[in-house]
Amino acid sequence: MDVDTRLLRYFLAVAEEGNLTNAAGRLFVSQPALTKQIRQLETRLGTRLFTRSRAGMALTEPGRTLAGRVPGLLADWDRALRETKGTATRAARVLRVGFLASAANEATQHIVAAFARRRPGWRADMRQAAWSNPTAGLAFGGVDVALLRLPFPGQGGLRVEVLFSEPRWIALPAAHPLAARDLISFEELWDEPFVAAPAESGWWRDHWLAADERGGRPVRVGAVTDRPDEWLSAIANGYGVALAPESAARFYARPGVVYRPLDGVGPSRVGVAWAPADDADPVVRDFVHCCLAVVPPGRDGTGGGAARGGDRS
């Protein structure tokens, strides 16, 4: 009997979290979809893997047996898959680089050019991901390295070097009463509807709603979007305001949307990330070197060194 490795990943997440809601957020899927996948796995195996209660999801005896074997099985499969894909991309002399929105801002093209000089004949294949995939495909081996906004779900299981940080501003409809202000206090926006990333992006979404910087006030969500063009349309149409990196004013200028400096929220950080299995990969190491050479860490005092171990700050 064949079992999809995706079902095993879902099972392991629920087993480790002991809670469907937390596991769904970690996997970037909805809770009903996750419940359906767990039931499918149980049907295929012909046994119950969890005992469900208000307290959460407890492993049954067969579930504990499976949970003891799955991590090793998935690690072996991931290693084989990564090596196979790596061989293919190396043969084509292509490095797959995932990114979100504006990647490393204006530095991106300089990083790509530096990589081409360091690796003649190689190409950095830039692959943009939706906000519902905040690791840009890195978590599941879809890319070799990624330029990402920190913090992001799954960061603790990856290698991350911080490149730079920039202030978070606010994007407003042009007709908004505060749009003419030179500086806006975040507290003035606490009761405003916000345009948010999909719920499955977990605390990456929370970061861009500044959920922990609202003095305990709940977030009002006016619209949910997954890509920059949808995000801009929602703001221009008056469905809500949104936090954005300062650079969004340059990269995502649009009639009907204005960007203003914001007081009362922390900055946004950009980093380069890769899988621990690729620590010794010379091509990945060269790309990381180019990132750090083009964007010296600590240009505003916040970069430098690796951000690992689930850093959410």
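Structure: above.
Here goes a summary of the coordinates provided. Note that the structure is predicted; figures quoted are calculated from it, not measured.

**Some details on the sheet that holds strand E3 (residues 94-100)**
Then, number 1: Spatially, E4-E3-E5-E14-E6 is the arrangement adopted by the 5 strands of the open sheet, whose pairing is mixed. Either end of the sheet is taken by a strand with one partner, and the two such strands are strand E4 (123-129) and strand E6 (159-166). On average, each strand axis in the sheet is tilted by 25 degrees relative to the strand beside it, whichever way the strands run.
Then, number 2: Both strand E5 (residues 145-150) and strand E14 (residues 268-274) contribute to a ladder of 6 bridges, which runs antiparallel. Looking at the pairing, Leu148 lines up with Gly271 of E14.

**A short note on the sheet that holds strand E12 (residues 257-260)**
Then, number 1: Reading across the sheet, the 3 strands line up as E11-E7-E12 and stay open at both edges, with antiparallel pairing between neighbours. A strand with exactly one partner marks an edge of an open sheet, and here the two such strands are strand E11 (242-245) and E12. Within this sheet the neighbouring strands show an average axis-to-axis angle of 40 degrees, counted without direction.
Then, number 2: The pairing of strand E7 (residues 168-173) with E11 spans 4 bridges and is classified as antiparallel. By the bridge assignment, Ala171 is partnered in E11 with Ala242.

**So, the nonpolar core**
Then, number 1: Membership of the largest hydrophobic core comes to 49 residues, with the highest contact counts inside it found for Ile170, Phe186, Leu189, Trp231 and Tyr259.
Then, number 2: Listed by contribution, the elements that provide at least two residues to this core are E5, E6, E7, strand E9 (193-196), helix H6 (203-208), helix H7 (228-236), E11 and E12.
Then, number 3: With 25 residues, the next largest nonpolar core counts Ala103, Trp122, Val272 and Trp274 among its residues.

**Thoughts on the pairing of E7**
Then, number 1: Of all the 6 residues making up E7, 6 are buried; the element is thus mostly covered by neighbouring parts of the structure.
Then, number 2: Pairing of E7 with E12 involves 4 bridges; the strand directions are antiparallel. Following the sheet pairing, Ile170 is matched in E12 by Arg260.

**Overview of the environment of Glu166**
Then, number 1: Tracing the chain through its elements places Glu166 in strand E6.
Then, number 2: Of the residues examined, Glu166 reaches a relative accessible area of 6% and is grouped as buried.
Then, number 3: In this structure the C-alpha to C-alpha distance between Glu166 and Glu246, which are 80 residues apart in sequence, comes to 6.4 Å.
Then, number 4: A polar atom in the side chain of Glu166 sits 3.0 Å from the side chain of Asn105.
Then, number 5: A distance of 2.7 Å separates a polar atom in the side chain of Glu166 from a polar atom in the side chain of Arg149.

**Considering the packing of aromatic side chains**
Then, number 1: Under the definition given, this model contains 5 aromatic pairs.
Then, number 2: Residues Phe11 and Phe50 carry aromatic rings whose centres are separated by 5.5 Å and whose planes lie at 50 degrees to one another, so their mutual orientation is tilted. With Phe11 in helix H1 (residues 5-17) and Phe50 in strand E1 (residues 50-53), this pair connects stretches of sequence that are 39 residues apart.
Then, number 3: Taking the centre distance of 6.3 Å and the plane angle of 85 degrees together, the rings of Phe186 and Phe194 count as edge-to-face.
Then, number 4: Among the residues examined, Phe194 registers a relative accessible area of 0% and is labelled buried.
Then, number 5: The ring centre of Trp208 lies 6.0 Å from the NZ or CZ of Arg168, which sits over that ring.

About the thresholds
- Residues numbered from 1 in each chain as written.
- Predicted model: local features only at pLDDT ≥ 70, side-chain atom pairs only at ≥ 80, totals over all residues.
- Heavy atoms only, no water.
- Pairing = 2+ DSSP bridges.
- Helix = DSSP H or I, 4+ residues; strand = E, 2+ residues; numbered from the N terminus.
- Axes fitted to C-alpha atoms, helices over the stretch in contact; angles between N-to-C directions.
- Core = buried A, V, L, I, M, F, W, Y, C linked by side-chain atoms within 4.5 Å.
- Buried < 20%, exposed > 50% of the residue type's maximum accessible area, 1.4 Å probe, protein only.
- Polar contact = N/O pair within 3.5 Å; in protein donor to acceptor, adjacent residues only side chain to side chain.
- Phe/Tyr/Trp six-rings, centres within 6.5 Å; stacked < 30°, edge-to-face > 60°.
- Lys NZ or Arg CZ within 6 Å of the ring centre and 35° of its normal.

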